[in-house]
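Spelled out, the chains give:
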Amino acid sequence: MKKTFSKEKLFDRTPRVFKRDATEVRFLLGGIGTGNFSVNSRGKFLDWEIFNWPSKNTKFPLSFFAIRTENKELEKPISKILESRMVPPYTSSHGYLQAELVNLPRMEDSELICEYPFARVNFKDSELPVKVSMEAYTPFIPLNTDDSSIPCAIIRYTVKNVADCPTKVSLVGTLPNASGFEGYDVIENLKLADSVKNEYREFDDVKGLYYSPEHLKEDHLRYGNMAILTSGSNVTYKTQWFDGEWVDGIQDFWDDFTSDGLLEKETVSDSVGCEFAQFHNFSFLKRREKIGSIGAWEELQPGEERTFEFVITWYFPNRVKAWIEFDEDYEKFQRGEYGTVRNYYATKFTDAWDVAKYVYHNKERLESAMFHKTTLPYYVIDALTANITNLRSNLCFRLEDGTFAGFEGIRDYIGCGYGSVPHVWNYAQTVAFLFPDLEKTMRNVEFLKETDETGCMSTRMFSVFDQERYAMVPACDGELGSVVRVYRDFKNLGDVEFLKTIWPKVVLAMEYALKQWDLDGDDVLDGQQNTTYDIEFYGPNPMTDSIFLAALKCCEEMAEIVGDEEHHQLYADAYEKGAARADQLMFDGEYYIQVQK
């Protein structure tokens, strides 16, 4: 039966809602080339991939937000972790570890709504005298690359008092110091490259905890720092959790927070647990990472609504100087056999605290610039923006000189398809139209560094790490597609100097294409043509020949722009001849077909 849709349905602006059990849905927070972490449908923050390589399922033990409410209508104060209850299946082989806090109360239910670049989680709970929702985002401003490349996340919890009397609300965020992160020990404590320290700091009306390593040098691959901040007059914090044994730190924090909604700045204890652990050599009982908490409290009148805002920033400036795709590469990386290069964002900020200052001093401007009205239906915007998140993942990175590069995809812990492969990235459009200055850097690498004097373009861009040129015949759709992309990028940028600088190598690339793939000189490709399908085409085919004709037409127009009359005429003639010949060979009256050779 044929389905019909009303105009109202076609232009529906109602967003998709992900229920609590849609736990595989993740919304990425982080800037372009900065790494990221995610929030899921339960309101849990997870997949902490801020260390310059893919690391799905990276957990920060004891990272969470919590709320405490108190009023005269309650028998006693109610405190909960701001995540909805866990959902099956419960698949951990050893059950849940202590740091996952499964024994502490959580919100009854939640739902996630993603309207890029915002993630919104609505919590539901029948016990609390307040309604709670959360909004999280990282600044994302098309055509403003630097302000879309900030290693930060802004997290806001909006709390509304639904009781008939004043309610005191305390809301705190807890985060471990993961500076120098190397992985986990057997019970999933963080393994760090150095001892770490937590500091309380302030600027303006902003208070925060700054996390750093104690001795790690700034050029060390694992070097980095983090911060969690909030603003307001009623701030409470605990710089470092009690460093006891077993669950001492957890118990001390929860007792402290739930008693009055305020935090002791430090906990001093004469626990004999240290002697017990030392005697039995139970070094794993003491956490290597240091946990800190910070938050604020407010008294809300009936019906009153307040927002508790937090900012998390990070600064891990050094990345491995190599493309990591295979297990042997990863093992070398783990052994420290590669050098390091710096991220672009390290040229803009000095540390995570510097990032935080920039965010707070520019937050109103950054947020206002992100709003764009559209009449497109929600499902169209949802489909388009879902692909933008790739820019925030470890699929992509930016090097110190501003060069943008990326894999074809990423696995859980390493890349997949290294080298900014032209025959894959040829089909991507997001970067070119949202951040054309980034896209231009890819053309500069492809033509000015990876195209030799014969016009042969490398299949993989190894020069970004000063590695030896990749020895493989170029992909036909990749090299010709890059020619087309030069024209597209010029049209987007209007940068004539860019076009003039790159033009000689474009000419060489076209000369190479004619020699390599047009064996009979009729301006239709018929030689062995490697493609992104990971197969070789032999003979005329509509895939590569359509890209070839597009490249000829683009070159005809680019030649005119740069004043190269000789090549302007050459490409114009080749296009007319090739287009007619392609129709003759491949068009059967209804379709363009591949001609077997």
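Residues numbered from 1 in each chain as written. Predicted model: local features only at pLDDT ≥ 70, side-chain atom pairs only at ≥ 80, totals over all residues. Heavy atoms only, no water.

This next bit is on the packing of helix H10 (residues 476–493) against helix H12 (residues 542–562). Viewed as axis vectors pointing N to C, H10 and H12 meet at an angle of 35°, and their least axial separation amounts to 9 Å. Considering how the two elements wind past one another, H10 and H12 form a crossing that is left-handed. Here Cys-476, Asp-477, Leu-480, Gly-481, Val-483, Val-484, Val-486, Tyr-487 and Phe-490 of H10 come into contact with H12, specifically with Met-543, Thr-544, Ile-547, Phe-548, Ala-550, Ala-551, Cys-554, Cys-555, Glu-557, Met-558 and Ile-561. Its residues assigned to classes, the contact of H10 with H12 comprises 16 nonpolar, two polar and two charged. (Axes fitted to C-alpha atoms, helices over the stretch in contact; angles between N-to-C directions. Helix = DSSP H or I, 4+ residues; strand = E, 2+ residues; numbered from the N terminus. Left-handed = near helix turned anticlockwise from the far one by under 90°. Contact = heavy atoms within 4.5 Å. Nonpolar A, V, L, I, M, F, W, Y, C, P; charged D, E, K, R; others polar.)

Among the nonpolar cores identified, the biggest contains 111 residues, and Phe-45 and Tyr-157 are the most heavily contacted of them. Discounting chain neighbours no more than four positions away, the residues touching Tyr-157 are Phe-45, Phe-65, Leu-82, Phe-123, Val-132, Ser-133, Met-134, Leu-171, Arg-306, Thr-307, Phe-308 and Phe-310. If you look at the next biggest cluster of nonpolar residues, it comprises 35 residues, including Ile-502, Ala-513, Ala-559 and Met-586. (Core = buried A, V, L, I, M, F, W, Y, C linked by side-chain atoms within 4.5 Å. Buried < 20%, exposed > 50% of the residue type's maximum accessible area, 1.4 Å probe, protein only.)

So, about the sheet that holds strand E4 (residues 45–49). The strands that make up a sheet pair up through hydrogen bonds in the backbone, lying either parallel or antiparallel. Pairing is antiparallel in the open sheet, where three strands are placed in the order E2-E3-E4. Edge positions in the sheet fall to strand E2 (26–29) and E4, since each has one partner strand and no second. Neighbouring strand axes in the sheet, compared pairwise and without regard to direction, differ in orientation by 25° on average. Here E2 pairs with strand E3 (residues 36–40) via four bridges, running antiparallel. By the bridge assignment, Arg-26 is partnered in E3 with Asn-40. (Pairing = 2+ DSSP bridges.)

This paragraph deals with the pattern of salt bridges. The tally for this structure, following the rule as stated, stands at 46 salt bridges. Glu-100 is the partner of Lys-59 in a salt bridge, and the nearest nitrogen-oxygen pair spans 3.7 Å. Separated by 41 residues along the polypeptide, Lys-59 in the loop between E4 and strand E5 (64–70) and Glu-100 in the loop between strand E6 (78–84) and strand E7 (106–107) bring together distant segments of the chain. Ionic pairing is found between Glu-453 and Lys-505, a salt bridge with its closest N-O pair at 4.0 Å. Of the two residues, Glu-453 is situated in the loop between helix H9 (436–449) and H10 and Lys-505 in helix H11 (residues 496–517); the sequence distance between them amounts to 52 residues. Ionic contacts of the salt-bridge type, sharing partners, join the residues Glu-115, Arg-120, Glu-135, Arg-156, Glu-309, Lys-363 and Glu-367 into one network. (Salt bridge = Lys/Arg side-chain N within 4 Å of Asp/Glu carboxyl O.)

Running from amino to carboxyl end, H9 crosses H10 at an angle of 145°, the nearest separation of the two axes being 10 Å. You can see that H9 and H10 cross each other, and the crossing is left-handed. Between H9, through Pro-436, Asp-437, Glu-439, Lys-440, Arg-443, Glu-446 and Phe-447, and H10, the contact on the second element is made entirely by Ser-482, Val-483, Arg-485, Val-486, Arg-488, Asp-489, Asn-492 and Leu-493. Its residues assigned to classes, the contact of H9 with H10 shows five nonpolar, two polar and eight charged.

Turning our eyes to something else, we now look at the confidence of the model for the protein. On average, the protein scores 92 in pLDDT, and the residues at 70 or more come to 95%. Low pLDDT, under 50, characterises residues 270–280; the stretch is placed with 11 contacts to residues that sit more than four places away or in other chains. (pLDDT = per-residue confidence, 0-100.)

With 17 residues, helix H5 (residues 352–368) should reach 24 Å at 1.5 Å per residue; the first-to-last C-alpha distance of 23 Å fits that figure. At Asn-362, H5 shows its maximal kink, close to 70°. Three or more residues of H5 are buried, namely Ala-352, Trp-353, Val-355, Ala-356, Val-359, Tyr-360, Asn-362, Lys-363, Leu-366 and Glu-367. Of the surrounding secondary structure, the elements contacted by the buried residues of H5 are strand E10 (130–137), strand E11 (152–161), strand E15 (196–203), strand E16 (206–213), strand E17 (225–231) and strand E20 (305–315). Among the residues of H5, the N-terminal cap falls to Asp-351, whose side-chain oxygen and the backbone nitrogen of Trp-353 are separated by 3.1 Å. (Expected span 1.5 Å × (residues − 1). Bend = angle between axes of the 7 residues up to and from the residue. Polar contact = N/O pair within 3.5 Å; in protein donor to acceptor, adjacent residues only side chain to side chain.)

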